[in-house]
Every structure is written in C-alpha cells, then in structure tokens.
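Coordinate analysis (summary)
Chain residues, written in single-letter form:
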Amino acid sequence: MAIMSAVQKSFDMASGSVGLSALFMAGLILLWYVMREKKKEVTGLFWYGLVMLIFVINPLYIILIEKKAPQLKVDNLYLWLIPTAPVLLYSLVSTIAYMRNNVKSKVQKSAFIAGLVAVFILAITTSYSGFSISFTDKFSYFDESEEQVFEEIDKMRNYRSLDFVTIVGPEEIVEDARKYSGYFNTLYGKEMWRGSFDPQFTYSYEAWQYDLYHNISKAHNHYEEIAECSFRNGCQAIVLDRHLFNKNGVEIPESLANRYYLSFENDDYLLYLRSSAKNEDS
Amino acid sequence: MVYLAPVFLIIISYLAGELFCKIFCDNTKNLVEKCLIGTLFVLISWGLYVTIMRGFTDSFSSIAWSYSVFLLALFTAALLFSWKNIKKNLEVKNVSSLWPVVICLSIILVQFLAIALVKPNTVYDYTLETVNTTLATDNLFDYHPGMGILVEYAVSDRGKLVTLPLFYAYLSKIFGGHPARIVYMMIPMWGILLNFMVFGLWADGLLEDDKEKGSKKTLFLVGLGLLNIGGLFVNESVFYYIMEKGFTGKSICYNMIIPYIIYLAHNIVVKKRYKDIIYLLMAVGSTVAITDIQTGLVPALICLAVMTIIALVYKIGGMIKWR
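Report on the accompanying structure.

Definitions and cut-offs
Residues numbered from 1 in each chain as written. Chains lettered and ligands numbered in written order. Predicted model: local features only at pLDDT ≥ 70, side-chain atom pairs only at ≥ 80, totals over all residues. Heavy atoms only, no water. Helix = DSSP H or I, 4+ residues; strand = E, 2+ residues; numbered from the N terminus. Contact = heavy atoms within 4.5 Å. Areas by Shrake-Rupley, 256 points an atom, 1.4 Å probe, with all protein chains shown as cover. Pairing = 2+ DSSP bridges. Axes fitted to C-alpha atoms, helices over the stretch in contact; angles between N-to-C directions. Patch = residues over 30% accessible without salt bridge, like charges linked within 9 Å, V, L, I, M, F, W, Y side chains within 5 Å. Salt bridge = Lys/Arg side-chain N within 4 Å of Asp/Glu carboxyl O. Lys, Arg positive; Asp, Glu negative; His and termini not counted. Charge placed at Lys NZ, Arg CZ, Asp CG, Glu CD. Parallel < 35°, antiparallel > 145°, perpendicular 65-115°, else oblique. Left-handed = near helix turned anticlockwise from the far one by under 90°. Nonpolar A, V, L, I, M, F, W, Y, C, P; charged D, E, K, R; others polar. Buried < 20%, exposed > 50% of the residue type's maximum accessible area, 1.4 Å probe, protein only. Disulfide = S-S within 2.5 Å.

**Observations regarding the overall build of chain A**
Across its full length, chain A carries 13 helices and six strands. Within chain A, contacts between residues at least 6 apart in sequence are counted, and of these 56% link residues at least 24 apart. For chain A, the exposed surface amounts to about 14400 Å²; the carbon and sulfur share of it is 55%.

Below, the structure is given as structure tokens:
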C-alpha cells in the first residue's frame, strides 16, 4: 500500500497536479491514435513519453530509490523527465485542428473552445499542494519594513566607512539581509532552519549560535543576553521583532545592556546599533 | 541597462552559435538553434574558464575581466568570419502575416509581466546570497553564502563545479544595479525565451509535414505560454519552476537543456544528423556547470539512455522485419 501510495504521489508530482497528469495520459492515448494514422513525426514523442512514464512511476523504481538512494526523493526531479508539455501541447493542437475541420456550427465551436478552457482551468486548479503567490511591492523583492531597516544599516555602514556590517535578527531579517547586500554579514545563516546550500556539505553551528537564534525568537525576555552575546561576537546591528514586545506588554528598551542603542523603529522592527556608533554619530 | 540583460545574452549566444557552426561547417542550423547552441557554449565556456582559473587566482574580478576579453574576441571573430551568414539570418523572408509573431510576443510579454510582479520562491535557494557574497568579497568559494564570513570549508569540490551563480555575479558586474534585478527578473525572462526557442524546434519537428504548420505552431507556443502562466498555481511542477524559480540551474536544465537533448537525440537517430552529436555532448556537459550532478547530469543521462534504448529497439525491430 505504501508503494502504491508512493506511485500515486510520484505521478501527481510528475506533472504537478492530478488534472495535468490526467490530461497527459489522455494526450498519450491521442498520440497513439495519431501514430496509427501513420504520422511518423509523433512516434518518438509517444514512445519516449510512455517509456519515461513507466520508468518513473513503476514500483520497482520507487523501491530502488527508497533502498539505494533515498536522498533522490528530496527533489524527485526525475519525474520532470516525463514530457508533459509537448504531449499536452500536441494534443491541444490536434484537438483544435479536428474541431476546425469537423465542427461547422459556430455555436458548437464556441462550446468546444469553452470546454477546452474549462478543462485547462480544472487541470491547473487541482494542484496537490498549493502555495499562494505573493506580489512584489513596487517591483521590490524585499518587504517594505525590512527594506527600511536595511537602508538604515547601510547608512550606518557608509557613515562609519565599514567594509562589512554584522547583523543579527529574526529569521526573515537574516534571510533577506544576505539577499539585500553582500556587505551584511550575519552571526548565523538561514541554513540553520532551511537546510544546507550544498548537498555534499553541512556547516556545523556552535551552541552559542543556536542559543542566540532561540533567544531572538523570545527577544522580549532575553534582550540583555542577546546584546551580550552579539557584542562578544562583533555584531554591529541587532534587529528585534517589535510585535514580541507589543504582544507581551513589555516596554521597548532604549538600550540593550548599554551596548546597543535604539536607532530606528518602524511598525515591525526595532533596530539597535552598537554604542560606539552612537558616540560617533552624535 | 540591467533590463537589456536578456537581449545581451541572446545576442552573445547567437554570435557564439554562429561561430561554432562555422567552425564545424554546419549549415543546417537556423537562427533559433544557433542561439541555443551558443547558450550552451557560453555556459560551458564560463564553467571551464572559472574551473581552470581558480587554480591560479581567487579573485573574481580578474576572472570576470579576462572572460569579458574572451567574449569580445568571440564577438569580433563572429562578426568577421560570419558576417554574410548573420546578414542572411537576420533578413525577413516571405512573411505572409505578422499575426503569429504578435500573438507569440504577447504571450511572452504576459509571462514577463508575471515574473516582474510575482515574488520568486527563494525559500531553499541561495543563488542571490552567493552572487552578493561573490561581488562583495571578490572571492570565488571561500566565503559562506549564508553568513558572509570566511570559513575553512565553505563549498564542496562537487559544489565548486556549479558556476551558474558566478555567471550571474558576472552579469551583475557588467550591468550594474541590484543583483536581485538580474537574478530574480532578467534571468527568468531569459529562461522563458530559451524555453520558447526549444519548444519552437519541437513544434517544427512534430508539425513538419503539416499543411497549416504556421498557425498550429503559433497555437503550440501560445499553449506553452498558458501552461507556464498556469504553473504559478501548480506548486512544484516544472511550469512552476520556470515562473517562480527560473533563476535556478534546475529550471534552466529542465526547461531548456533536457528538451533540447531529446530534440538532438531525435535528430541524430531519425534524421541521421551526426554532427548534432557535438551539440548533444555540449548540452550534457553544460548540466554540470549549472546545477548539481544529481539534479542535472544524471537525469540528462537517463533521458539519453531511454532515447538510445528506443532507437535500438526500433533498429532491431526494423532488422527483424526486413528478414
């Protein structure tokens, strides 16, 4: 049963949805029919599609992957070797051509086209697990609050003529800091919670980094420890989640352990800069 | 300037492809196929160049500068030796109607707009981090992309073969602007153009003897555009990857290189175009430079193995029939 469930899941993943998989199967049948009508051009596509389908969704392949190379299941990109796009597209072209040659009434043609559109939308919407799409904010890839914080940090970096600035903050800040600028270093990377960037290698973090990461998620209770740890490790900027303080009714501190002072705040984040920066700024 | 990146890539690829075909005396390739061959050549040449040069220097800017000299030499050689061919390829011949071109360009523009408006999925991706790290440190592989610090062992030897993020860093250096614009917008747009080129060749092959080839090919490509746009909502499919992760090596591999490998294998086996073996080897080799071996080279080899088995079965079947 587990194998059959894996086969079914693989088939869903091969096209990305139940609907597209079903259309692909229908397309293969259509290709077989067209091949019988002696159109040799589709022979290669038909046999490649059929062989690849049988190769990647047969139970033996799944058993072998489970036993010999379980890490291949992480991506399952072999499933994309199934030629979903050309089979679907050739089927669409053949179907429309058939309609043009054999359906004479305009009403019937409109109904035919409407039916094709409905099938396409149904196929797309039967996604097996959907993430919702998010839109860029004025073509920017960074959240507005985060971008404001990064701009302040960059201003500080330029003012103090620093080559690099070390930052610590919540997950989303650490993830986007490295995307915003290569001059922003972090005390820990997103691979701590997202996984390694190199499949052959995993970076080992130290205990203090894990402690710091956990303290940041409860910053309203641990901001003194965060400041001490960050100061010891040469951090110039600390970003805390404002909502943690608001939700727990904790007053927002003006400084952290007299090492960092509150330099900038917006609706989502509090930016603390290292105290030596304050003296130089004033 | 950064918005010209896809155009620059297409032009450089075309010139490289033109020169390549001239060197191998191959007159069978049209403009689209020369662009694809040139793209493979650019990816492989960058990968080989970085791999060789990192034995001599760790400085990214010196490698980028010298590669620019190489590209300029290529550009000049292509113009000098293939000018007549270039003129011939760029001539507009016997166009009965511009509607197919307008329709295809419209669907491409809708995809471009979707790429520009929708945030890419970067959850498990480190491409932009690697680009930023390379540009900020001027170093190839010694800095950890997740933290930006110098570490003893940042990238594995197998990981150092993947030079695609460094190619994006090179493009960012040329065009300026924020690297996110290159990585998350321009490269996916370039990927869409390559995807359309490859499936345009597929359409030419599947509809070869068809009377209404022009209109059917337009419908084929429009359908491809609709599948890609629909892919925004079909998570973890190849269509999703081209729209929301078009900058990854996996996306380029599965949306351009592997379909092109199948096309070339078909040409070699069925149409007996044995010169295409060179391009096939280039296509397979380029998968090493753009993504990990597990997600690029191995699937490409599986694909080739299946095509070979099918060809052998047909040949043996034909021999048995003849007897």
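**Some remarks on the sheet that holds strand β2 (residues 184-186) of chain A**
Residue and element names in this part refer to chain A. With mixed pairing, six strands are arranged side by side in an open sheet as β2-β1-β3-β6-β5-β4. Among the strands making up the open sheet, the edge pair consists of β2 and β4 (255-256). Strands β1 (165-168), β2, β3 (237-241) and β6 (269-274) of the sheet are contacted by helix α8 (residues 171-180), whose axis makes an angle of about 145° with β2.

**Topic: a negative patch on the surface**
A cluster of like negative charges, contributed by D137, D143, E144, E171 and E172 of chain A, occupies part of the molecular surface. On the secondary structure map, E171 of chain A appears in helix α8.

**Focus: the packing of helix α2 (residues 31-53) of chain B against helix α11 (residues 276-290) of chain B**
Residues and elements named next belong to chain B. Packing of α2 against α11 leaves a shortest axis separation of 9 Å and a crossing angle of 50°. Regarding the angle of α2 to α11, the classification is oblique. In this structure, α2 meets α11 at a crossing whose hand is left-handed. Contact with α2, carried on its side by I37, L40, F41, L43, I44 and G47, involves Y279, M282, A283, G285, S286, A289 and I290 of α11 and no other residues of that element. Taken together, the residues of the contact of α2 with α11 sort by class into ten nonpolar, three polar and no charged.

**Quick look at helix α5 (residues 127-137) of chain B**
All names here are of chain B. α5 sits mainly inside the fold: nine of its eleven residues count as buried. Looking only at α5, the buried set comprises T127, L128, E129, V131, N132, T133, T134, A136 and T137. Positive phi appears at D138, one or two residues downstream of α5, with a value of about 55°.

**A look at the pattern of salt bridges**
Residues and elements named next belong to chain B. Under the criterion given, the structure shown has 15 salt bridges over all chains. D292 serves as the salt-bridge partner of R158, at 2.8 Å between the closest nitrogen and oxygen. You can see R158 sitting in the loop between α5 and α6 (164-175) and its partner D292 sitting in the loop between α11 and α12 (297-322), a full 134 residues away along the chain. With a shortest N-O distance of 3.6 Å, K271 and E208 are connected by a salt bridge.

**Looking at the state of the cysteines**
Residues and elements named next belong to chain A. Enumeration over the complete set of coordinates arrives at zero disulfides over all chains. The thiol of C229 is not disulfide-bonded; the next cysteine sulfur, from C235, is found 9.0 Å away. Residue classification places C235 among the buried residues on the basis of a relative accessible area of 0%.

**Some points on the pairing of β1 of chain A**
Residue and element names in this part refer to chain A. Side chains V165 and I167 project from β1 onto one buried face, and the interleaved T166 and V168 project onto a second face that is buried too. Pairing analysis gives three bridges linking β1 to β2, with the strands arranged parallel. Residue V165 lies in a different strand from β2, and its bridge partner there is F184. Alignment of β1 against β3, held across two bridges, turns out to be parallel. Its bridge partner lying in β3, I167 is registered against A237.

**Considering unusual backbone geometry**
All names here are of chain A. In this structure, A257 is a non-glycine residue whose phi angle is positive, near 55°. Judged by its relative accessible area of 17%, A257 is buried. Even without a glycine there, the phi angle at N258 is positive, about 55°. Since its relative accessible area comes to 68%, N258 is described here as exposed.

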